[in-house]
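Spelled out, the chains give:
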Amino acid sequence: QKEVEQNSGPLSVPEGAIASLNCTYSDRGSQSFFWYRQYSGKSPELIMFIYSNGDKEDGRFTAQLNKASQYVSLLIRDSQPSDSATYLCAVTGTASKLTFGTGTRLQVTL
Amino acid sequence: GAVVSQHPSRVICKSGTSVKIECRSLDFQATTMFWYRQFPKQSLMLMATSNEGSKATYEQGVEKDKFLINHASLTLSTLTVASAHPEDSSFYICSVGGHDTDTQYFGPGTRLTVL
């Protein structure tokens, strides 16, 4: 079982719609959860982090964490073509090491 | 967040050449830096944790004699790929941890191509 799992996609949504990206993790002791965006050929860029159960909103982005279900998601409202990228879920366990999922490729269509 | 630079951004070399990649934390002193590698269409894999003034901690399966890490100052860590071979061709990315958090901020990456 992979430590951090994501659907590879591509997830295709029309411009203006809500994109929902999901991630599950296996280590119940995980403390911190991150979403990074990675454009093709570029390095990851931090979008959001979340530590506590519930929702955390930042502009068009909302991260949702459910530790009981070992599930974290990212919602992108009013999706734009510029949001088209691969979204990486990352989780920290011991020693602040980040474990990444394989990423979900999002395509926002006109 | 932290501002991180890497140099060079791209390098092409012949097999057997050693390649040095620099990672700099530009706006704060980083006692810990991380080195990742990413192959095409795969996720980031942590190679090693670089600790200022001490030896790096390598992940399982990463050869420390092949990937030499030096973290001589609080703003600079270097990764040297010794005697690079075509299978070492990859995207190498460093990151810096934020103050008092688990958040990591990534450098722009170095794309290594070994012919």
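Here we summarise the structure given alongside this text. (Residues numbered from 1 in each chain as written. Chains lettered and ligands numbered in written order. Predicted model: local features only at pLDDT ≥ 70, side-chain atom pairs only at ≥ 80, totals over all residues. Heavy atoms only, no water.)

### Let's talk about the overall build of chain A
Operational definition: The way it works is that DSSP assigns letters per residue, a run of H or I at least four long becomes a helix, a run of E at least two long becomes a strand, and they are numbered from the N terminus. The globule rule used for comparison is 2.2 Å times the number of residues to the exponent 0.38, while the radius of gyration itself is calculated over C-alpha atoms. Burial classification: accessible surface area is computed with a 1.4 Å probe over protein chains only, and a residue below 20% of its type maximum counts as buried, one above 50% as exposed, and the rest as partly exposed. Two residues qualify as a contact provided that any one of their heavy atoms is within 4.5 Å of a heavy atom in the partner residue. The accessible surface values rely on the Shrake-Rupley method and a 1.4 Å probe; as for residues, cover is taken only from the protein chains in view. His is not counted, nor are the chain ends, whereas Lys and Arg count as positive and Asp and Glu as negative. Charged groups are reduced to one reference atom each: NZ for lysine, CZ for arginine, CG for aspartic acid, CD for glutamic acid.
Of the regular secondary structure elements, chain A holds zero helices and 11 strands. Listed by position from the N terminus, the elements making up chain A come as β-β-β-β-β-β-β-β-β-β-β. Against the 2.2 N^0.38 benchmark of 13 Å for 110 residues, chain A shows a C-alpha radius of gyration of 13 Å, consistent with a compact globule. Referenced to the eigenvectors of the C-alpha coordinate spread, the extents of chain A come out at roughly 40 × 30 × 20 Å. Counting the 110 residues in chain A, one finds 41% classified as buried. In chain A, of all internal contacts separated by at least 6 residues, the share reaching a separation of at least 24 is 53%. About 5300 Å² of surface is accessible on chain A, with carbon and sulfur atoms providing 47% of the total. Once the 10 positive and 10 negative side-chain charges of chain A are each reduced to a mean point, those two points are 5 Å apart.

### Some remarks on the pattern of salt bridges
Applicable threshold: The salt bridge definition used is simple: a Lys or Arg side-chain nitrogen within 4 Å of an Asp or Glu carboxyl oxygen.
Tallying each qualifying case throughout the model produces six salt bridges over all chains. E59 of chain B serves as the salt-bridge partner of K97 of chain A, at 2.8 Å between the closest nitrogen and oxygen. Of this pair, K97 of chain A sits in the loop between β9 (85–92) and β10 (98–100) while E59 of chain B sits in the loop between β6 (57–58) and β7 (67–73), on two different chains. A salt bridge links K66 of chain B to D88 of chain B; its shortest N-O distance comes to 2.8 Å. Residue K66 of chain B is found in the loop between β6 and β7, and its partner D88 of chain B is found in the loop between β8 (76–81) and β9 (90–97); the two are separated by 22 residues along the sequence.

### Regarding the sheet that holds strand β6 (residues 54–58) of chain A
Residues and elements named next belong to chain A. The criterion, for reference: Whether two strands pair comes down to DSSP finding at least two bridges between them.
Spatially, β1-β3-β8-β7-β6 is the arrangement adopted by the five strands of the open sheet, whose pairing is antiparallel. Edge positions in the open sheet fall to β1 (4–5) and β6, since each of these has one partner strand only. In this sheet, strand β8 (residues 71–76) lies alongside strand β3 (residues 19–25) in antiparallel orientation, the contact comprising six bridges. When the sheet's bridge partners are listed, S20 is paired in β8 with L75.

### So, the sheet that holds β8 of chain B
Residue and element names in this part refer to chain B. The criterion, for reference: Axes here refer to lines fitted to C-alpha atoms; in helices the fit is confined to the stretch in contact. Angles between the N-to-C directions go from 0 to 180 degrees.
Spatial strand order, β1-β3-β8-β7: four strands in an open sheet with antiparallel pairing. At either end of the open sheet lies a strand with only one pairing partner, and these are β1 (4–7) and β7. Across this sheet, the average inter-strand angle for adjacent strands is 15°, counted without regard to direction. The pairing of β1 with strand β3 (residues 19–25) spans four bridges and is antiparallel. Pairing of H7 across the sheet is with E22, part of β3.

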